[in-house]
Amino acid sequence: MRTIIRYIVIATGLLIVTALQGCMKEWLDAKSDSAIASPATIADFRAMLDNPDNLYMNTGYLAEVATDHDTLSGDFWTSYERSYFGNAMSWTEIVPYQENYDWSAMYPGIFHTNVILTGLNKLGDGAAVRELKGEALYHRGYFHYCLASTFAHPYDPANLSDEFGIPVRTSDDLSIPVQRATVGDTYKQILADVTAAVQLLPEHSAEIFRPTRRSAWGLLSRIYLSMQVYDSAQKYADLYLAKYPALLDFNTLDSTLPYIALNVEVGSLHYFQQGSVYYFGIAKSLYQRYEPNDLRSIIYFQVVDGIANFKGSYSRSDVDCYAGVATDEMYLNFAECLARKGEVLRSMHYLNTLLRTRYRVVNGVSTYINKTANTTDEALRIILEEREKELVRRGTRWSDLRRLNNDPRFAKTLTKTLGGKTYTLAPNSDRYTFPIPRNVITKSGVKQNPGW
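Worth saying up front: this structure is predicted, and the values here are computed from it rather than measured. (Residues numbered from 1 in each chain as written. Predicted model: local features only at pLDDT ≥ 70, side-chain atom pairs only at ≥ 80, totals over all residues. Heavy atoms only, no water.)

A. Up close: the overall build of the chain. On a plain count of helices and strands, the chain comes out with 17 helices and 12 strands. The C-alpha radius of gyration computed for the chain amounts to 22 Å, which stays within 12% of the reference 22 Å derived for 452 residues, consistent with globular compactness. In terms of overall dimensions, the chain has C-alpha extents of about 65 × 50 × 45 Å along its principal axes. Here the chain, with 452 residues, has 57% of them falling under the buried criterion. Total accessible area on the chain stands at roughly 17,900 Å², and carbon and sulfur atoms take up 52% of it. Between the centroid of the 47 positive side chains of the chain and the centroid of its 49 negative side chains there is a distance of 2 Å. (Helix = DSSP H or I, 4+ residues; strand = E, 2+ residues; numbered from the N terminus. Rg over C-alpha atoms; globule rule 2.2 N^0.38 Å. Buried < 20%, exposed > 50% of the residue type's maximum accessible area, 1.4 Å probe, protein only. Areas by Shrake-Rupley, 256 points an atom, 1.4 Å probe, with all protein chains shown as cover. Lys, Arg positive; Asp, Glu negative; His and termini not counted. Charge placed at Lys NZ, Arg CZ, Asp CG, Glu CD.)

Set out below in structure tokens:
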């Protein structure tokens, strides 16, 4: 009897290879002797959604490596230079992107959700079906968003017809030709999925890895922030914080541990592909900005031979790197949106509420001194600075850079020195959008992103 199902399909160039394993063994063993069993029951679809290899352990990592936060030195760069990691870190294509693990890991996740949604449509509209539909829509929206943040042009409300979106897959019919949607249609589908999930997901779940309404609110806030639709980003951060305002007090943490255990701030469980970014060094330009009593400097990092290594993931092991939404991100989203509306005092209140939990308490007294601002510009600079320092390795920095490039106040030229050579990335460079894997271009005929 087979205990692993493999879907290996090439549909005009879109390679989807994935395995349903682990927790699916139980239902597979109960199936018929056919070569490939087909999921058909609520239990089948629950097993598919609960399998970490299918959905929540496969967030792409190349955009995270490309940020101004990650670096490699000496022999480490020599080891990684001729790899996709090296390409991403230096904004080059030293090794041709013939394939791309971000692409080939996340599209199978979308395929799984489409199989699930097609099957659930045959099972009526009961409470269990609705919850499963909500989870599938949430995951499909999440994966499409991650792919768009990497392989599509940044969202621009003045250019929704931009042809360089991503292939949007909403059917499990793999005979449908692969075509790139416009950027506008890409984000329209992402928002439709996650917004629909809000209405279907429960308030709470028996398992922390299952998305809830809280997860969808947080994801919508993240997406709208990346789109620079700040009223909507604020709306969903507000809905999240109204019910889940609790923050983790860093004074309660053990700085010798190699990760931060799952905690009250966790809003959704998503991780970068295992071990993909965890051991890269953090740029000194970031690490040196933490103040002496800021506990993040010892909770987030371990300094070895002068290099700050990240260890601050919300996780269950020292190799899983958290990319899901969390309460600290919602405080930062809400504060930024308030500042952009001119509500400077309120924005500083939310920022200070968060930061007070990150600073050392001595003899029962916090060492944190409230930050203040007199103008919108001043408030935004403070909030964006703290956003960088708080959301390290959380999958938000690349989309932040892409959106802030549109604002001369915050656009920046990125610079890295790797192996004695200096690399730069100018604001709004074509290389803020990664190339479609070349094997996909060859087999499907879709157009490559400009600049590659």
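B. Structural context of helix α14 (residues 344-356). The terminal C-alpha atoms of α14, which comprises 13 residues, lie 18 Å apart, in line with the 18 Å expected from a rise of 1.5 Å per residue. Those residues of α14 that fall on the buried side of the exposure criterion are Val344, Ser347, Met348, Leu351, Asn352, Leu354 and Leu355. The arc that holds every buried residue of α14, seen down its axis, measures 160 degrees, which confines them to one face. (Expected span 1.5 Å × (residues − 1). Arc of directions from axis to C-beta.)

C. Structural detail: the packing of helix α2 (residues 42-50) against helix α6 (residues 101-120). Interaxial distance between α2 and α6 falls to 10 Å at its minimum, and their mutual angle equals 160 degrees. Viewed along their axes, α2 and α6 adopt a mutual orientation that is roughly antiparallel. Where α2 crosses over α6, the handedness of that crossing is left-handed. Residues Phe45, Met48 and Leu49 of α2 form the contact with α6, whose participating residues are His112, Val115, Ile116, Gly119 and Leu120. (Axes fitted to C-alpha atoms, helices over the stretch in contact; angles between N-to-C directions. Parallel < 35°, antiparallel > 145°, perpendicular 65-115°, else oblique. Left-handed = near helix turned anticlockwise from the far one by under 90°. Contact = heavy atoms within 4.5 Å.)

D. Focus on the sheet that holds strand β6 (residues 301-304). Strand order in the open sheet formed by 4 strands is β3-β5-β7-β6, and the pairing between neighbours is antiparallel. This sheet does not close on itself; its edge strands, each paired only once, are β3 (70-71) and β6. Examined bridge by bridge, strand β5 (residues 281-282) and strand β7 (residues 307-310) share 2 bridges and lie antiparallel to one another. Among the inter-strand pairings, Gly281 is bridged to a residue of β7, identified as Asn309. (Pairing = 2+ DSSP bridges.)

E. Layout of the packing of α2 against helix α7 (residues 127-151). Packing of α2 against α7 brings their axes to within 11 Å, and their N-to-C directions diverge by 30 degrees. Judged on the interaxial angle alone, α7 and α2 are roughly parallel. Of the two elements, α2 crosses α7, and the hand of that crossing is left-handed. Residues Ile42, Phe45, Arg46 and Leu49 of α2 touch α7, and the partners they reach there are Ala128, Val129, Glu131, Leu132, Glu135, Ala136 and His139. Tallied by class, the residues present in the contact of α2 with α7 amount to 7 nonpolar, 1 polar and 3 charged. (Nonpolar A, V, L, I, M, F, W, Y, C, P; charged D, E, K, R; others polar.)

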